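Inside the fold
Chain by chain, the residues:
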Amino acid sequence: MKGILFDLDGTLIDSMGVWQGLDQKYVESKGHVFDPRTTEELKAVSLEMAPAYFNKIYDMGATLEDMLEFMYGTLEVYYREKFVLKEGVQKRLEELRAAGYRMCITTATESPLTNLLVGRLGLDDFMEFVLTPDRAETQKNDPAFLRMAMEKLGLTPENTYVFDDALYALEIAKDLGMNTVGIYDATSGADDEHIRAIADHYIVSFADFDIRQLPHTEMPE
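To start, this report covers the structure provided alongside it.

1. Topic: the packing of helix H1 (residues 16-29) against helix H4 (residues 64-82)
Between two packed helices, what matters for the description is the angle formed by their axes and the separation of those axes. Orientation of H1 relative to H4, taken along the N-to-C sense of each, is 155°, at an axis distance of 11 Å. Put simply, H1 runs roughly antiparallel to H4. When the axes of H1 and H4 are compared, the crossing they make is right-handed. Counting all contacts with H1, which are made through Val18, Trp19, Leu22, Asp23, Lys25, Tyr26 and Ser29, the residues of H4 involved are Asp66, Met67, Phe70, Met71, Thr74, Leu75, Tyr78 and Tyr79. Tallied by class, the residues present in the contact of H1 with H4 amount to 10 nonpolar, two polar and three charged.

Following this line, the structure appears as structure tokens:
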């Protein structure tokens, strides 16, 4: 039995640019100069944990209520109406399902937002579940997060692939003995070289990805 843990933002959907813009706008709304490194570091942090991170870096007096009001107003519209699957994702998911892969989503984005999108884009036709920090009761940068998803699928590390655009997630997956597939995303440019080096496979576009690149995978007849 084989399985895949898919990241959502930056992997299946083209959304990280919006997240990056919101981070910057929120910091600047508090009168601070935005550090671009903030966006990469926030990939592993849930919305609930973000105010503490902002306060540590910028000493800006952020509160969860204030930050959520600022961000959710924009994000909700994007998840409900605007974000779409990256090119080629739909076809590859159909092929992977036909090839017998069990699949789920492992994302740092909380369920109130992912719930707006998963059904709309038909991802629930392919994914057995969506694991979010609020459901797992831990953050995605905790190895227990990916381990929990793998165990829920009834898989072992050697039969599990992690598809992700974030370096930290791929590093955790490698440490757990999982197979890794790095995904190109424009907002991960600073880590692209490291992602290519650590990943067992690397995908620039799902449209050009042949699932037979994954060992022991054959196209169904």
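2. Topic: the nonpolar core
Inside soluble globular proteins, nonpolar side chains tend to come together where they are buried. Judged by nonpolar contacts, the single largest core of 52 residues is most densely connected at Phe6, Leu12, Phe54, Leu123 and Phe163. Ranked by the residues each element gives to this core, the list is headed by H1, at six residues. In this structure, Leu5, Ala44, Met150 and Val162 belong to the second largest nonpolar core, which totals 20 residues.

3. Section: the pattern of salt bridges
Within this structure, the stated rule accounts for 10 salt bridges. In this structure, Lys140 engages Asp7 in a salt bridge whose closest nitrogen and oxygen atoms are separated by 2.9 Å. One end of the pair, Lys140, is in the loop between helix H7 (133-136) and helix H8 (143-152); the other, Asp7, is in the loop between strand S1 (2-6) and H1, with 133 residues separating them in the sequence. Of the two residues, Lys140 and Asp7, neither departs from the other in class, the shared state being buried.

4. Comments concerning the side chain of Glu110
Its place among the elements puts Glu110 in the loop between strand S2 (101-106) and helix H6 (111-118). We note that Glu110 is buried and unpaired, the nearest opposite charge coming from Arg135 at a distance of 8.1 Å. Of note is the side chain of Glu110, whose polar atom sits 3.0 Å from the backbone nitrogen of Asp134. If we ignore the near neighbours within four places in the chain, the residues touching Glu110 are Ser46, Leu47, Glu48, Tyr72, Thr132, Pro133 and Asp134.

Calculation rules
Residues numbered from 1 in each chain as written. Predicted model: local features only at pLDDT ≥ 70, side-chain atom pairs only at ≥ 80, totals over all residues. Heavy atoms only, no water. Axes fitted to C-alpha atoms, helices over the stretch in contact; angles between N-to-C directions. Helix = DSSP H or I, 4+ residues; strand = E, 2+ residues; numbered from the N terminus. Parallel < 35°, antiparallel > 145°, perpendicular 65-115°, else oblique. Left-handed = near helix turned anticlockwise from the far one by under 90°. Contact = heavy atoms within 4.5 Å. Nonpolar A, V, L, I, M, F, W, Y, C, P; charged D, E, K, R; others polar. Core = buried A, V, L, I, M, F, W, Y, C linked by side-chain atoms within 4.5 Å. Buried < 20%, exposed > 50% of the residue type's maximum accessible area, 1.4 Å probe, protein only. Salt bridge = Lys/Arg side-chain N within 4 Å of Asp/Glu carboxyl O. Lys, Arg positive; Asp, Glu negative; His and termini not counted. Polar contact = N/O pair within 3.5 Å; in protein donor to acceptor, adjacent residues only side chain to side chain.

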